[in-house]
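This is what each chain is made of:
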Amino acid sequence: MNMRWQYAAAGLSLAITFLIAMSSPVAAHGFGERYDLPFPLPYYLGGAGLVVALSFVIMGMTARQWEPDDEYPAIAISRGFVGSIMSGTVMTWSVRLIGIFAFVLVLIAGFYGTPVSDRNISVVIIWVVFWVGLAYCSALIGNIWVLLNPWDSIFRIFEAVVRLVDLGRVIPLNRPYPDRLSYWPAFALFLVFAWIESSFSGSSTPTTLATFVAIYSFVTFSGMFVFGRQVWLRQAEAFTAFFSLLARFSPTEVAVTDRTVCETCSSDCEIHQDVCVDCYECYEIAPRETRNLYIRPYATGLRTVERISTSQMAMVLTVLATVSFDGFTATSEWVGFFDRLLPIFDSFGSHTGTVIHSIGLAAMVGVFVSVYIVLVQFVIMASGEELPAESVARKFVLSLVPIALAYHLAHFFSFLLIQGQLVIPLLSDPLGHGWDLFGTADYVIELTIVNARATWLISVAAIVIGHIFAVYLAHMTALKTFTSNKAALHSQYPMLILMVGYTMVGLWILAQPIVNTE
Amino acid sequence: MSMPLVFEKTISTLAIAFTFLILAACGSEGPTDRNFSIDFANGGPVGGVERFTANQGDTIVIDLSTDEAATFHIHGYDIEFAVEAGDKASMELLADATGRFAIEIEESHQHVAFLEIRP
């Protein structure tokens, strides 16, 4: 396997991160206080019961033959007057400029604004708008990050300038991207981000955040410069990988309907039945008549599993583990674990909290990966067919994404609605210097905007629906992977146990009394 | 069975289930007055960090007493009360928002109690 590159990339990122670590004794999760009430017992049991019952219902229904069908209903929406405005250059570059603006604002506010985290817009942009808000949008609406990505937009401007002064032949270097690297850089960089979010105690300090953003920008621009913008973005840029993964669940896609166009664009897009879907490089260069924006059913994008690589699989499992870890650290189980480790790691002084959290995160990732790999063995055994474990593991990993997504949405729902309101006063006073640009600087967060009962219902609904999607996806994948339908059905029993187990973990975390870790 | 039918059945099951959940969740007592107290002494709350529970709509009065000058702060509701050493005071609020809110001493960021407002 590509272990050396993985270790090198991860090690380098961690080294850089630790070099600039400034921490305070307060353990933090991203940022922002949470006022959630844990699930009361009826919701927990009701949710759990529904999950199990519906799983059996679906299994029973699919015992009869489902034809694995790669076609799905899709409605084209970018023709016509409104459609062509929405997908035109003015619109796309307006969104790109918003992305660049937010990026610059984060840097300026981070370095020159107040150190008080809830009075500095950089903290809210990163942990509320970006990490939570954009995740919601990517999963529920579409891959808007493709346009908001500031590194992509800024580098495009750089490329245009380079072309203008006719240096195009010399820079960017466009070295070939080593195949063995695959998605490992994105995986490593995302792991660093996950670590910052869950374990690093300086994660809500504006200057620290701005520094990380600056470092990440340097890494990203260098990578794009050396290997080419699109190549780097697709496989090595952590957030493109993360949001694209979530966007596979979303109900929108872009498609180029001309096979010859798909074959001539630079990246290797997956071509299904003469159409390449969600291949943004092709979409940009394709002639108007051959490209379109489509609405499709949810979770459709999670069905194209043929080209998932081992590094992508590692990335998916890391996303799953990360998303669960944040909630897990509020439970008393974790606090007990934490307290037991405290005396052992006392020598780290004020960094002890960070160290123990890091161990927890690493353990969580390790557990997810191990459990999944073991379970894939059972899946193959149950099917009765001889298939290589690594290939089966790669194919089924995407079917777990709806469960992680549902938990992420449930976990952050009220956080988004409450801490998200901070954007209102911060737009008037982004640096916390006492400005009032739009007259909203005195806005006080309205707590009553979200009611606990509504949050509980939406959370349980999300988790149950996520689970249903997961079971459905796994079954469709099984039908494509195994040769007989009977083998496919039998293979799904262990998978079902994994999914029910994973969904229960999410429900359990949401039902735990919240324990403060300070 | 075709996909649309599976989802139809699933959605109907869900709808029935949620109706039950909502029915189970409804029906609570009318708003009442509740009284809690925090006694801060020797660097900590007497009796440990307590969890005060109330229902949405209740009127809550929290009696404060402290042996050193301290500012009590209810998070979320963002209510602050400065109390002198050896003094007593009362915080009153209408519990119109649900959630779990920490009450802490502003100066030391020490948690002294949690206020849980249930729907």
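First, a word on what this report is: a plain description of the structure on this page. Computed from a predicted model, the values in this text were never measured in an experiment. (Residues numbered from 1 in each chain as written. Chains lettered and ligands numbered in written order. Predicted model: local features only at pLDDT ≥ 70, side-chain atom pairs only at ≥ 80, totals over all residues.)

Notes on the overall build of chain A
Put simply, the test is: Helix and strand assignments come from DSSP, with helices taken as H or I runs of at least 4 residues and strands as E runs of at least 2, each series counted from the N terminus. Between the buried cut of 20 or more and the exposed cut of 12 or fewer other C-beta atoms within 10 Å of a residue's own C-beta lies the partly exposed class, and all C-beta atoms are placed from the backbone. Any pair of residues counts as being in contact when their C-beta atoms, constructed from backbone geometry, are within 7 Å of one another.
The secondary structure content of chain A amounts to 21 helices and 5 strands. The principal-axis extents of the C-alpha atoms in chain A amount to approximately 65 × 60 × 50 Å. Per-residue burial for chain A yields a buried fraction of 46% across its 518 residues. Within chain A, contacts between residues separated by at least 24 positions form 81% of all contacts whose residues are at least 6 apart in sequence.

Some words on the overall build of chain B
Helices and strands together make up the secondary structure of chain B, namely 1 helix and 9 strands. Reading chain B from its N terminus to its C terminus gives the helix and strand order α-β-β-β-β-β-β-β-β-β. The burial tally for chain B puts 25% of its 119 residues in the buried class. Nonlocal contacts in chain B, meaning residues at least 24 apart in sequence, comprise 61% of its contacts between residues at least 6 apart.

Comments concerning helix α20 (residues 452-481) of chain A
Stated formally: How far a helix is expected to stretch is found by multiplying one less than its residue total by 1.5 Å.
Counted at 1.5 Å a residue, the expected span for α20 of chain A with its 30 residues is 44 Å, and the 43 Å between its end C-alpha atoms agrees. Here α20 of chain A lies mainly inside the structure; 23 of its 30 residues are buried.

Notes on the environment of Ser-84 of chain A
Summarising the element assignment, Ser-84 of chain A is placed in helix α3 (residues 80-86). With 209 residues separating them along the chain, Ser-84 of chain A and Leu-293 of chain A place their C-alpha atoms 9.9 Å apart.

Quick word on the sheet that holds strand β2 (residues 44-45) of chain B
Residue and element names in this part refer to chain B. Selection rule: A pair of strands is considered paired only if DSSP assigns at least 2 bridges between the two.
Ordered by their spatial adjacency, 4 strands build an open sheet running β2-β1-β4-β7, and the pairing between neighbours is mixed. Both outer strands of the open sheet, β2 and β7 (88-94), are each paired with one neighbouring strand and no more. In terms of strand pairing, strand β4 (residues 59-66) meets β7 through 7 bridges, oriented antiparallel. Among the inter-strand pairings, Ile-62 is bridged to a residue of β7, identified as Met-91.

A word on the packing of α20 of chain A against helix α21 (residues 485-511) of chain A
Residues and elements named next belong to chain A. Stated precisely, the cut-off is as follows: Helix axes use the C-alpha atoms of the stretch in contact, all axes being lines fitted to C-alpha atoms, and the angles between their N-to-C directions lie in the range 0 to 180 degrees. Throughout, the term roughly parallel applies to angles under 35 degrees, roughly antiparallel to angles over 145, roughly perpendicular to angles from 65 to 115, and oblique to all others. When the near helix sits turned anticlockwise from the far one by under a right angle, the crossing is termed left-handed; a clockwise turn instead gives a right-handed crossing. In the scheme used here, Gly and all other residues not listed as nonpolar or charged are polar, with Ala, Val, Leu, Ile, Met, Phe, Trp, Tyr, Cys and Pro taken as nonpolar and Asp, Glu, Lys and Arg as charged.
Interhelical geometry of α20 versus α21 gives an angle of 160° and a closest axis separation of 9 Å. In terms of axis orientation, α20 runs roughly antiparallel to α21. Two packed elements cross with a definite hand, and for α20 against α21 that hand is right-handed. Where α20 approaches α21, its residues Ser-459, Ile-463, His-467, Ala-470, Val-471, Ala-474, His-475, Ala-478 and Leu-479 are matched on the opposing element by Asn-485, Ala-488, Ser-491, Gln-492, Met-495, Leu-496, Met-499, Thr-503, Gly-506, Leu-507 and Leu-510. Its residues placed into classes, the contact of α20 with α21 shows 12 nonpolar, 8 polar and no charged.

Quick word on unusual backbone geometry
Although it is not a glycine, Ala-299 of chain A sits at a positive phi angle of roughly 70°. By the C-beta count within 10 Å, which is 26 here, Ala-299 of chain A ends up buried. For Asp-78 of chain B, which is not glycine, the phi dihedral falls at a positive 55°. Structurally, Asp-78 of chain B can be placed in the loop between β5 (70-74) and β6 (79-83). Residue class for Asp-78 of chain B comes out exposed when judged on the 11 C-beta atoms lying within 10 Å of it.

Let's talk about the nonpolar core
Residue and element names in this part refer to chain A. Convention followed: To count as a nonpolar core, a set of buried Ala, Val, Leu, Ile, Met, Phe, Trp, Tyr and Cys residues must be joined through C-beta atoms within 7 Å.
In terms of nonpolar packing, the biggest core is built from 162 residues, with Phe-190 and Val-316 touching the most fellow members. With 16 residues, α20 is the largest single contributor of residues to this core. Not counting residues up to four positions away in its chain, the partners in contact with Phe-190 are Ala-238, Ala-241, Phe-242, Met-315 and Thr-318.

A closer look at the sheet that holds strand β9 (residues 110-118) of chain B
Strands in a sheet are paired, the pairing made by backbone hydrogen bonds, and the direction either parallel or antiparallel. Residue and element names in this part refer to chain B. The mixed open sheet is built from 5 strands, whose spatial order is β3-β9-β8-β5-β6. Only two strands of the sheet have a single partner each, and these edge strands are β3 (50-55) and β6. If you compare each strand with its neighbour and ignore which way they point, the axes differ by 20° on average.

Section: the pairing of β5 of chain B
The side chains of a regular strand alternate between the sheet's two faces. Residue and element names in this part refer to chain B. Extensive coverage of β5 is indicated by the burial of 4 of its 5 residues. In the sheet, β5 pairs with β6 via 5 bridges, with the strands oriented antiparallel. Looking at the pairing, Ile-74 lines up with Ile-79 of β6. Note that β5 and strand β8 (residues 99-105) share 3 bridges and pair antiparallel. The partner of Phe-72 across the bridge, within β8, is Ile-105.

What to know about the environment of Arg-34 of chain A
Among the secondary structure elements, Arg-34 of chain A is positioned in the loop between α1 (3-19) and α2 (41-62). Separated by 381 residues in sequence, Arg-34 of chain A and Phe-415 of chain A have C-alpha atoms that sit 6.2 Å apart.

Overview of the pairing of strand β5 (residues 291-295) of chain A
Residues and elements named next belong to chain A. Pairing geometry for strand β1 (residues 75-76) and β5, over 2 bridges, is antiparallel. Within β5, the position partnered with Ala-76 by the bridge is Tyr-294. Bridge count for strand β2 (residues 252-256) against β5 is 5 bridges, and the pairing is antiparallel. Counted as the bridge partner of Glu-253 is Tyr-294 from β5.

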